[in-house]
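So you can see what is in the structure, the chains are spelled out below.
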Amino acid sequence: MTDTAAHETDRNHQNARMAWRAILSAFCACLIGIGLARFAYTPLLPAIVDAHWFEASAAAYLGAANLSGYLVGALLGRTIAARASTVLTLRITMLAATAAFFACAFPVSFLWFFAWRFAAGLAGGALMVLAAPTVLPLIAPSRRGLASGIIFMGIGAGVALSGTLVPLLLQQGLRETWLGLGALSLLLTIIAWAGWPLDVVSHTTTSHNAMHVPKRWTLRALYIEYALNAAGWVPHMIFLVDFVARGLGEGLQVGAEYWVLFGLGATIGPILAGHLADRTGFAAALRFAFFLEAFAVAIPAFGLGQAWLIASSLIVGAFVTGTVPLMLGRIAELLPHHPAQQKVAWSLATVFFALFQAAAAYGLSFVFAQTGGNYSVLFLIGAGAMILALAIDLSVAVFIRTPREHAQDHDS
């Protein structure tokens, strides 16, 4: 081997190490910002009420504070990064989420707690729109599905931890639980700190003949599909445990077991979805996801038994996180030579997601109250949202042709 070849090999190995180090940093960001900052609050809420920190109604508003902050973070994340720097913004938001855990160990007042829960949500929204787009340009296109799957697996890991680690920490006390989560978040921030890429070199080759952007409403349709997915997941995310515990009369312990299954699905979902997308393309993988989700979300409405309910919990959990890399990859497919526009599109998709999920949470809660606690209606509405997303995607595929597809037909 010549010196030039050896030098090239060493440089490739170094680039690969940098890429995987950056993927680890983005994984930690998703685990902190979404996995822990949002999902750990669910098992903490009853403990907060039982410890008389806040009344049940106030504690619920504190949960909504995180969702509100997430929406603001998704809206402002790119703007903040443009004025400072992306890496600095990522580091500061991870530190902010970490500080929020420590601050919430001391219930000074409702306003204090609300502000820190809002700050944690804002950090999560910013991390969601910045982390993966910062890292993925380092990865060859043929491996981006798997890489994005690993990154967003952090969300699923947070769901799984919320169902396992938090109950263990609560045995030591509520304040100790918040401090423990803060310590874990700080450790993850330290691990991620030096892994962010300072100078991103994209694997995308720019060709002046390919610099066409699909029609605006093609992307807008994608935003609506992602938003409908967010709405379709709400029956499982909010009502699954209650449906099993009270609707089926199985009790809270059994309901919690289904939440653990949901978390396991959320942990492996991004890897499986990304692996599938690397082989079929993101468009095909996304359509398959919509079809399977529609079926899985509807299952609890038909009372098919335990095995089917287990499958529903696992599948919906898998796609709650697995659809995220599929959507990000689909945006990259539509804007293959426009990395800046990819970031804008991903931010908009995240904003649509946050809006529809919050609206669905309030809307389905209203429907549940108006129907006298009818769970089946909720799951059928969720399945309907998934079917509509699939119908929109198929309609776009039939009636809208991107410049790339026209060129492929011309070449053939």
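Since the structure is predicted, the reported quantities are computational estimates derived from the model, not experimental observations.

## Examining the environment of Trp178
With respect to the element layout, Trp178 can be found in helix 7 (residues 174-193). Judged by relative accessible area, which is 1%, Trp178 ranks as buried. Distance in space between the C-alpha atoms of Trp178 and Phe101 is 5.6 Å, their sequence separation being 77 residues. Discounting chain neighbours no more than four positions away, the residues touching Trp178 are Tyr41, Leu44, Ile48, Trp53, Phe101, Cys104, Ala105, Phe113 and Arg117.

## Observations concerning the confidence of the model for the protein chain
Residue-level pLDDT values for the protein chain average 84, and 89% of them are 70 or greater. When pLDDT is averaged over each helix and strand of the protein chain, the minimum, 44, is found for helix 14 (residues 403-411) and the maximum, 95, for helix 4 (residues 86-103). Long-range and interchain partners of residues 200-213, a stretch whose pLDDT sits below 50, account for 27 contacts in this model, where long-range means more than four residues apart. Low pLDDT, under 50, characterises residues 403-412; the stretch is placed with seven contacts to residues that sit more than four places away or in other chains.

## Considering the packing of helix 4 against helix 5 (residues 110-135)
Where helix 4 meets helix 5, the axes come as close as 8 Å, and the angle between the chain directions of the two elements is 150°. With respect to their mutual orientation, helix 4 and helix 5 come out roughly antiparallel. The interaxial crossing formed by helix 4 with helix 5 has left-handed handedness. Here Thr86, Thr89, Leu90, Thr93, Met94, Ala96, Ala97, Ala99, Ala100 and Ala103 of helix 4 lie close against helix 5, whose contacting residues are Trp112, Trp116, Ala120, Ala123, Ala126, Leu127, Leu130, Ala131 and Thr134. Its residues assigned to classes, the contact of helix 4 with helix 5 shows 15 nonpolar, four polar and no charged.

## Digging into the nonpolar core
Ranked by internal contacts, the top residues of the largest apolar core, which has 122 residues, are Ile151, Phe152, Trp178, Trp196 and Trp346. The dominant element in this core, judged by the number of residues it contributes, is helix 8 (residues 216-247), at 14 residues. Excluding residues within four positions of it along the chain, Phe152 makes contact with Cys30, Met128, Ala132, Pro270, Thr321, Val324, Pro325, Leu328 and Trp346.

Cut-offs used in this document
Residues numbered from 1 in each chain as written. Predicted model: local features only at pLDDT ≥ 70, side-chain atom pairs only at ≥ 80, totals over all residues. Heavy atoms only, no water. Helix = DSSP H or I, 4+ residues; strand = E, 2+ residues; numbered from the N terminus. Buried < 20%, exposed > 50% of the residue type's maximum accessible area, 1.4 Å probe, protein only. Contact = heavy atoms within 4.5 Å. pLDDT = per-residue confidence, 0-100. Axes fitted to C-alpha atoms, helices over the stretch in contact; angles between N-to-C directions. Parallel < 35°, antiparallel > 145°, perpendicular 65-115°, else oblique. Left-handed = near helix turned anticlockwise from the far one by under 90°. Nonpolar A, V, L, I, M, F, W, Y, C, P; charged D, E, K, R; others polar. Core = buried A, V, L, I, M, F, W, Y, C linked by side-chain atoms within 4.5 Å.

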